[in-house]
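# A closer look at the structure
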Amino acid sequence: MPDEAKPAAAPFAATVLTLYPEMFPGPLGVSLAGRALERGDWTMETVQIRDFATDKHRTVDDTPAGGGAGMVLKADVLGAAIDHARAAQPDAPVLAMTPRGRSITQARIRELVAGPGVTILCGRFEGFDERIFEARDVEEVSLADVVLSGGEPAALAILDACIRLLPGVMGAASSGTEESFEEGLLEYPQYTRPQMWEGRTIPEVLRSGDHAKVAAWRKAASETDTRLRRPDLWERHSDARVQSASGERHEQKGTDQ
């Protein structure tokens, strides 16, 4: 019997729980992400959090316990919305956008891309009732050390980071690897024509045609920029290199015995 054709892999599925579903797909509906959406490389569903309120006013927030300014999203409404999304996509991780969360990394983005998709919960007002994180398996995530008016812009950014890494979305395969954060460093400086602009020229090594020298220049520039601009990244990168070299030496010593 002829071999049966393997079923096509399911597209990367993005679900967003939000009070403003009209914000999506937004910028994800144009350019590379938009074309990928049209092709069916990924899918998007928005879920209106307010649909899970149980009172006649469809209330989703209340005043903070203990007093204070602003309003807090209610745990019962959030729990019902999360349960709805998880029933439809049980294997997808649920991320809650909050400045109290751990900063998202490129490594975490790649982990998400390797899975079936992601569900993102967008906060508003003063944030979430803390009990939602005790009662549900939800990952608290921050985009950066800034405070936004809501989680929707951060969700768009995270989804964009995921979608561009899906197979076939970017033209060149190397486009997704030779970039800032992929190797724990900032990307090297880029140049293009014209060769001379306002008295400034493209570095000679990049015009040499010597690929080895170009690669060495880019590596050195990447390390220098990271050390000067992002000492936090440089410290982690340096620690990783020390640990890697130590492990390699230990392995070599073991094989010599």
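Residues numbered from 1 in each chain as written. Predicted model: local features only at pLDDT ≥ 70, side-chain atom pairs only at ≥ 80, totals over all residues. Heavy atoms only, no water.

### A short note on the overall build of the chain
Rules: Put simply, DSSP H or I for four residues or longer makes a helix, DSSP E for two residues or longer makes a strand, and each gets a number counted from the N terminus. Only protein chains enter the area calculation, which uses a 1.4 Å probe; residues under 20% of their type maximum are buried, those over 50% are exposed, and those in between are partly exposed. In what follows, a contact means two residues having at least one pair of non-hydrogen atoms within 4.5 Å. The Shrake-Rupley method, run with a 1.4 Å probe, gives the accessible areas here. Residue values count only the displayed protein chains as cover.
Helix and strand content of the chain: 7 helices and 9 strands. Within the chain, the proportion of its 257 residues that are buried is 37%. Once local pairs closer than 6 in sequence are excluded, the contacts in the chain between residues at least 24 apart make up 74%. A total of about 16,000 Å² of accessible surface is found on the chain, and carbon and sulfur atoms cover 52% of it.

### Some thoughts on helix H2 (residues 75-88)
Let me state the cut-off plainly: Each residue after the first adds 1.5 Å to the expected span of a helix.
Its 14 residues place the ends of H2 20 Å apart at the C-alpha level, agreeing with the 20 Å of an ideal helix rising 1.5 Å per residue. Buried within H2 are the following residues: Ala75, Val77, Leu78, Gly79, Ala81, Ile82 and Ala85. In this structure, the buried side of H2 is in contact with strand E1 (12-18), strand E4 (72-73), strand E6 (117-122) and helix H4 (131-135).

### Focus: the side chain of His237
Take His237: it is sitting in helix H7 (residues 231-256). Using a relative accessible area of 14% as the deciding quantity, one classes His237 as buried. Apart from residues lying up to four places away in sequence, His237 is in contact with Glu183, Gly184 and Leu185.

### Description of the side chain of Ser142
Counting through the fold element by element, Ser142 comes out in strand E7 (residues 139-142). Relative accessible area serves as the criterion here: at 3%, Ser142 is assigned to the buried category.

### A short note on the packing of helix H3 (residues 106-113) against helix H5 (residues 152-163)
Applicable threshold: Here the axes come from fitting lines to C-alpha atoms, over the contacting stretch only for helices, and the angles between their N-to-C directions go from 0 to 180 degrees. Roughly parallel means an angle under 35 degrees; roughly antiparallel means over 145; roughly perpendicular covers 65 to 115; every other angle is labelled oblique. Should the near helix be turned counterclockwise from the far one by less than a right angle, the crossing is left-handed, whereas a clockwise turn marks it as right-handed. Any residue that is not Ala, Val, Leu, Ile, Met, Phe, Trp, Tyr, Cys, Pro, Asp, Glu, Lys or Arg is counted as polar, Gly included; the first ten are nonpolar and the last four charged.
At a minimum axis distance of 9 Å, the contact between H3 and H5 shows a crossing angle of 65 degrees. With respect to each other, H3 and H5 are oriented roughly perpendicular. When you trace H3 past H5, the crossing you get is right-handed. Here H3 contributes Ile109, Leu112 and Val113 to the contact with H5, which in turn contributes Ile158, Ala161 and Cys162. A per-class count over the contact of H3 with H5 returns 6 nonpolar, no polar and no charged.

### Focus: the nonpolar core
Side chains of a nonpolar character, in soluble globular proteins, are inclined to be buried together. Cut-off, in case you're wondering: Residues enter a nonpolar core if they are buried and are Ala, Val, Leu, Ile, Met, Phe, Trp, Tyr or Cys, with the set joined through side-chain atoms within 4.5 Å.
Grouped together as the largest cluster of nonpolar side chains are 30 residues, with contacts concentrated most on Trp42, Ile109, Ile120 and Leu159. If you list the elements that add at least two residues to this core, you get E1, helix H1 (31-39), strand E5 (94-103), H3, E6 and H5. The residues contacting Leu159, other than those within four sequence positions of it, are Ala14, Val16, Leu28, Met44, Val118 and Ile120.

### Some details on unusual backbone geometry
Cis peptide bonds are those with omega within 30 degrees of zero, and the linkage from Phe24 to Pro25 qualifies with 0 degrees. The linkage connecting Arg193 with the following residue, Pro194, adopts the cis geometry, with an omega of 10 degrees. Structurally, Pro194 can be placed in the loop between H5 and strand E8 (196-197). Positive phi outside glycine occurs at Ser31, with the angle close to 55 degrees.

### Regarding the sheet that holds E6
Each strand in a sheet pairs with its neighbour through backbone hydrogen bonds, running either in the same direction (parallel) or in the opposite one (antiparallel). In plain terms, the rule: DSSP-based pairing: two strands are paired if at least 2 bridges between them are found.
If you walk across this open sheet you meet the 5 strands as E2-E1-E6-E5-E7, and the pairing is parallel. Two strands in the sheet have a free side with no partner beyond their single neighbour: strand E2 (42-48) and E7. The sheet shows a mean angle of 35 degrees between the axes of neighbouring strands, direction not considered. Lying on the sheet, H5 is in contact with E1, E2, E5, E6 and E7; it crosses E6 at an angle near 165 degrees.

### Looking at the environment of Gly79
As for its position among the elements, Gly79 is in helix H2. Distance from Gly79 to Arg136, taken between C-alpha atoms, is 7.4 Å for residues 57 residues apart in sequence. Setting aside chain neighbours within four positions, we find Gly79 in contact with Ile132 and Arg136.

### A few points about the pattern of salt bridges
The cut-off we apply is this: The term salt bridge refers to a side-chain nitrogen of Lys or Arg lying within 4 Å of a carboxyl oxygen of Asp or Glu.
Summed over all chains, the structure comprises 12 salt bridges. The closest approach of N and O atoms between Lys74 and Asp76, which form a salt bridge, is 3.9 Å. Looking at Lys74, the relative accessible area reads 23%, which means it is partly exposed. For Asp76, a relative accessible area of 49% translates into the label partly exposed. The partner of Glu140 in a salt bridge is Arg100, and the shortest N-O contact between them spans 4.0 Å. Taken together, the residues Glu140 in strand E7 and Arg100 in strand E5 connect sequence positions 40 residues apart. You can call Arg100 exposed: its relative accessible area is 61%. Among the charged side chains, a network of salt bridges with common partners joins Arg100, Glu130 and Glu140.

Geometric descriptors of this kind do not, in isolation, establish any biological role.
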